[in-house]
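# Structural features, examined
In case you want the letters, here they are:
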Amino acid sequence: MSNGQTSILILDDEPIVSKRLKPSLEKKGYEVETFTKGADALQRVRERHFDIVVTDLKMEGVDGMQFLSEVKEKYPDTEVIVITGFATMATAKESFNKGVFDFLAKPFKLGEIAEVIAKAEAKIKKG
Amino acid sequence: MTNFLHRFGRLFQRKNQESVPFKILFADFKKSLELNNQILDLIAATNDKLSGDYIFDERFIQTKCRKLSDLVRELIVTINHLTQQKYPELYNTFHQIEEDIEAVLQGKILYSVRDYILDYDSISRKVVDAVGGKNAHIAEIGSNLDLRIPPGFAITTAAFSAFRQENSFENLISETTKQWQEKKITVKEAARKIQQEIMNSTLPEKLERGIMEAAERLVKKQEETSPRFAVRSSALGEDDVKSFAGQFDTCLNIPLEKLAESYKKVVASLYNPEAMEYRLLQDFRPNEIMMAVACQLMIPAKTSGVMYTYDPVHPETETIIINSAWGLGEPIVSGKIPTDHFVIERQPPHQIHEVRIVHKTERMMLQGDKGINMEPVAETHSVESSLKEQQLTELAEIGLQLEKYFKKPQDIEFAVDQQDNIVVLQSRQLGLQQEMAPRACDLTRLVEKYPIILRGKGHAAMGGIAAGPAWLLNSDGDLGDFPMGAILVARHASPQLARVIHKAGGFITDIGSTTGHLATVLREFRVPAIFNMEDATSVLKTGQEITIDTECLTIYAGIVKELNYYSFHEEAIEEMYEYRLLRRVLKKIEPLNLLDPKDENFTPRGCRTYHDLTRFIHEKAVETIINLNFYHAHNRESQAGQLVWDYPLDLILIDVGGGIKGESGQGIRPEQISSVPMHALLRGMSYPGIWDMSPSKVDFSSFMSSLTRTSATNNNPEEVGRNLAVVSAEYTNINFRLGYHFTVIDTYISDNMLDNHIYFRFSGGVTDSTRRSRRVRLLDEILSFYDFLCEIHGDTVVARLKRMNKRSMLHRLFLLGLLVGFTRQLDVKMINDAKITIFFEQIKKIMEENNE
């Protein structure tokens, strides 16, 4: 959390998700980087730390579960928020087992994700 | 309800082991109702996503559409099962609609209209996919604002498609484009090849005739003696921020007989090299490459020009920029001649900041039969200002009006005709220079200095930023003097407010549903709106300048310029591909065209959307159950009869187990009804005191007759008697069609609390939408007060209640009885909002007095 700004990485293969989330979160004062390709996101995560990671689970050619595992392994303090259109109890359970902060089913409201991110941020700041 | 089917099966077994047929039929009937409800709920929930408040992707749209297709297909199977395959044509209609939906999902654009030609007075933004942005905008300006536009008509994308198909140059286009993209030929070669092919093609005969007829109609209407036309492009996406400005051809001073030729020329310019390259860069899907064409009467301009409602490089200077010169606009727009330059203040009285008059040596003029030509300007004239001071003010007012109407800074082309009238030729969103936009991450800091009036309450009905003076709607509800660009603040989101949507900068309400009618219209006109802010009307004052940010649910005091500039740069959510797609696909799903079952179009073939199919099937399901069990009574296991009552309620009762005592030979008297839930409902419906609360005396029998007769002229019960109640000792299912109202009640009430449920759906109505929405609000308030879980979609109320003890459930059925009898009257009596409270109190009183 350098310069006091909370950093967020967003990974979703549907461009509209980043396109909508980035300005909305930046407007709330977050530092945001977005990716539509898992490999690029992974590379970026290896380069630097993010306070919060928002990722889809089911994407073309990327395993979101694998991505979030790697993030949590490298940075246990990073809070991961999962967004997905195909939520099953099993995937939800698996993500929580991996230490995911919260789970949002698509489609969600901008306000809903902002709320979850604010909670994650509060947890980090308290942490 | 599935639970219920199971229990219902057991009821039958108790009554008669051999009675399979009706049991199956009724199971089908119940299933059709269940599907009907699911479909309508899903349609409403999907439309809600257009508010911009949700993040959804293409996959979401596909999933929802396919889910809907599955449900509708199942509904058709069910009705055919119920009616022994009486409606096989439903499958054809369904397949056609499903195919269309799939095509839209694949990115195809279906023509919302099949007409080749649409006159400007019949065009709105709803048909933008058919006429293109330029036509849609200019036509709307003509019909909704008090501004002059060139009279004209649109040649639609349907015409374009017919032209393309008849000449089958599809292949040549895709082949040539491929060659270019593979760098085998240059873009210029590709363009030349395609354009040659288009110019050598012939127009479909029907199209050529259509163009000529429309032009002649226009000439006659305008009483033009020597008509000349301007033929302009109106391609899809051309008027967006991603602008194709100047990439397509315009043909000027065209005589009637050359219109067809000019049409081809404009269409061919769709394949100008710049346009081809531009499309490659942008997110244009092949199917979105479509050209509609604008055909307008030529304005013999004295002066022409371009106006920007903001300085695109320095919006913070709050100025309007106007460039103009003598003659027609083409050399001005394309920068071929120098122009006079004016900078004026956006704020009235529009003080002039800067005037730069240039030496204008040339102008483009109409040359009668010889087309257009550049001609020298007389020396005395050449250094004179091409616009008068008073015209600058007039232009500024026009610019601000257009900006308020379209909600974004505008780039406007105008002409001054020989009578000195200003004519708007085109208006589209002005792209501001990106670097000047405040960065989103700086916004928090930038807007800190503005006091917050309200924050964190409510729901966004339509996303966006709006700034302007607040305008409070007072209790008399008079919208007459609502000023252009103001932000409307009202207690309720009632549909009557839609009247000022085209003038409003934004909307705020204390109370309101984001799935209601008003929200739908706000989305259509893209007016930022927050509903349910709770106390906006008590905090805000008329004339107070405010800024609303729907995303943060915040109202700031003052005009927050930083947010305003920021929003100018934001890509309009509704222009994103996913939103375009959802809007297109909903056109095949949501509209309800079948209203009157007596209409000759009330047939499987008349259905044009999934909503139509659902509506048709519900009507037929109820009709079938009545016919089979009452008029033809072939089911011996069930007893059916018409209710004989003091009131002429055309109600057919079908008893499926212990719901009716004794014989039904002479009809069924109320005291014969042993169905516990039905009894409670009837008690409510016939409650004697209820009618006294109306301000004027209502004659009960005539009222009930208007309530129950679907048509005053048609008294044949076989045709009007579509009110049906299927009852057993513990169960009642009611389907009422009272005029244009629909009421469905499904309820099971026993001593076992866990099994108890009530489902209530009420929709439709004959009065104006304002009164209907008051009725919806009253129902919502009353039902919620009595513990129902309510959902409102437009003028439909769905209320559910489960798992209460028998006594409480019956008390609430009594309430439904009161409401069913009462709501039709409400349509007429709900003359103002105060009535809602009065009726509510009276209902509460009756409920207290009758709580046995």
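Rules behind the numbers
Residues numbered from 1 in each chain as written. Chains lettered and ligands numbered in written order. Predicted model: local features only at pLDDT ≥ 70, side-chain atom pairs only at ≥ 80, totals over all residues. Helix = DSSP H or I, 4+ residues; strand = E, 2+ residues; numbered from the N terminus. Buried ≥ 20, exposed ≤ 12 C-beta atoms within 10 Å, placed from the backbone. Arc of directions from axis to C-beta. Pairing = 2+ DSSP bridges. Contact = placed C-beta atoms within 7 Å. Nonpolar A, V, L, I, M, F, W, Y, C, P; charged D, E, K, R; others polar. Expected span 1.5 Å × (residues − 1). Axes fitted to C-alpha atoms, helices over the stretch in contact; angles between N-to-C directions. Parallel < 35°, antiparallel > 145°, perpendicular 65-115°, else oblique. Left-handed = near helix turned anticlockwise from the far one by under 90°. pLDDT = per-residue confidence, 0-100.

### Observations regarding the overall build of chain A
Along the backbone of chain A there are 5 helices and 8 strands. Going from the N terminus to the C terminus, chain A shows its helices and strands as β-α-β-α-β-β-β-α-β-α-β-β-α. A buried classification covers 41% of the 127 residues belonging to chain A.

### Here we look at helix H3 (residues 64-74) of chain A
Residues and elements named next belong to chain A. Within H3, the full set of buried residues consists of Gly-64, Phe-67, Leu-68 and Val-71. Considered in projection along H3, the buried side chains sweep an arc of 90° and stay on one side of the axis. Of the exposed residues in H3, those oriented more than 90 degrees away from the buried face are Gln-66 and Glu-73.

### Notes on the pairing of strand S3 (residues 52-56) of chain A
Residues and elements named next belong to chain A. Here S3 lies mainly inside the structure; 5 of its 5 residues are buried. Burial along S3 is two-sided: the face carrying Ile-52, Val-54 and Asp-56 and the face carrying Val-53 and Thr-55 are both buried. Direction of pairing for strand S1 (residues 7-11) relative to S3: parallel, over a ladder of 4 bridges. Residue pairing for S3: Leu-11 is matched across the bridge by Thr-55.

### Here's the deal with the interface of chain A and chain B
At the junction of the two partners, chain A supplies 18 residues and chain B supplies 17 residues. Listed by contribution, the elements that provide at least two residues to the side of chain A that touches chain B are helix H1 (15-27) and strand S8 (108-109) of chain A. Here the side of chain A that touches chain B gets 8 residues from one element, more than from any other, and that element is H1(A). Here the side of chain A that touches chain B is built from residues that sort into 7 nonpolar, 3 polar and 8 charged. In the sheet, S8(A) pairs with strand S1 (residues 54-55) of chain B via 2 bridges, with the strands oriented antiparallel. The residue of S1(B) that forms the bridge with A:Phe108 is B:Ile55.

### Looking at helix H7 (residues 170-181) of chain B
Counted at 1.5 Å a residue, the expected span for H7(B) with its 12 residues is 16 Å, and the 16 Å between its end C-alpha atoms agrees. In this structure, the buried side of H7(B) is in contact with helix H8 (187-200) of chain B.

### Focus: the sheet that holds strand S4 (residues 229-235) of chain B
Residue and element names in this part refer to chain B. The antiparallel open sheet is built from 5 strands, whose spatial order is S2-S3-S6-S4-S5. If you trace the sheet from one side to the other, it starts and ends with strand S2 (117-119) and strand S5 (251-254), each paired once. If you compare each strand with its neighbour and ignore which way they point, the axes differ by 25° on average. Across 4 bridges, the pairing between strand S3 (residues 152-155) and strand S6 (residues 291-297) is antiparallel. Bridge pairing in S6 links Phe-153 to Cys-295. Helix H5 (residues 128-144) contacts S2, S3, S4 and S6 of the sheet and is inclined by roughly 115° relative to S4. Packing of helix H10 (residues 259-268) onto the sheet brings it into contact with S3, S4, S5 and S6, and relative to S4 it is tilted by some 30°.

### Details of the packing of helix H9 (residues 205-222) of chain B against H10(B)
All names here are of chain B. Two elements in contact, H9 and H10, have axes whose closest approach is 10 Å; the angle formed by their N-to-C orientations is 115°. One element, H9, and the other, H10, form an angle in the roughly perpendicular class. Helix-helix and strand crossings are classified by hand; for H9 and H10 the assignment is right-handed. Side by side, H9 and H10 meet where Glu-208, Ile-211 and Ala-215 of the first sit next to Leu-259, Ala-260 and Tyr-263 of the second. Across the contact of H9 with H10, the residue classes break down as 5 nonpolar, no polar and 1 charged.

### Here we look at the sheet that holds strand S2 (residues 31-35) of chain A
All names here are of chain A. Pairing within the open sheet is parallel, and its 5 strands lie in the order S2-S1-S3-S6-S7. The open sheet has two edge strands, S2 and strand S7 (102-105), and neither has a second partner. Taken pair by pair, the neighbouring strands of this sheet meet at an average axis angle of 15°, ignoring direction. Here strand S6 (residues 79-84) pairs with S7 via 4 bridges, running parallel.

### Re unusual backbone geometry
Here the amide bond leading from A:Lys106 into A:Pro107 is cis, since omega sits at -5°, within 30 degrees of zero. Along the chain, A:Pro107 turns up in the loop between S7 and S8. In this structure, the amide linkage connecting B:Pro348 to the following residue, B:Pro349, adopts the cis form with an omega of 5°. Its place among the elements puts B:Pro349 in the loop between strand S9 (340-345) and strand S10 (352-356). In this structure, B:His350 is a non-glycine residue whose phi angle is positive, near 55°. Secondary-structure assignment places B:His350 in the loop between S9 and S10. Among the residues examined, B:His350 registers 20 C-beta atoms within 10 Å and is labelled buried. A positive phi angle is found at B:Lys407, which is not glycine, with a value near 70°.

### What to know about the confidence of the model for chain A
On average, residues of chain A carry a pLDDT of 87, and 95% of them reach 70 or more. For chain A, per-element mean pLDDT is lowest for strand S4 (residues 58-59) of chain A, which scores 75, and highest for S1(A), which scores 95.

### As for the environment of B:Thr603
All names here are of chain B. Note that Thr-603 resides in the loop between helix H19 (577-586) and helix H20 (610-631). Classification of Thr-603 as partly exposed rests on a count of 14 C-beta atoms within 10 Å. It is 9.2 Å that separates the C-alpha atoms of Thr-603 and Leu-613, two residues lying 10 residues apart in sequence.

### Some words on the pairing of strand S29 (residues 789-793) of chain B
All names here are of chain B. Pairing of S29 with strand S30 (residues 796-802) involves 5 bridges; the strand directions are antiparallel. Note that in S30 the partner of Ile-792 across the bridge is Val-797. Adjacent in sequence and paired antiparallel, S29 and S30 are bridged by 2 residues, among which Gly-794 carries a positive phi angle near 60°.

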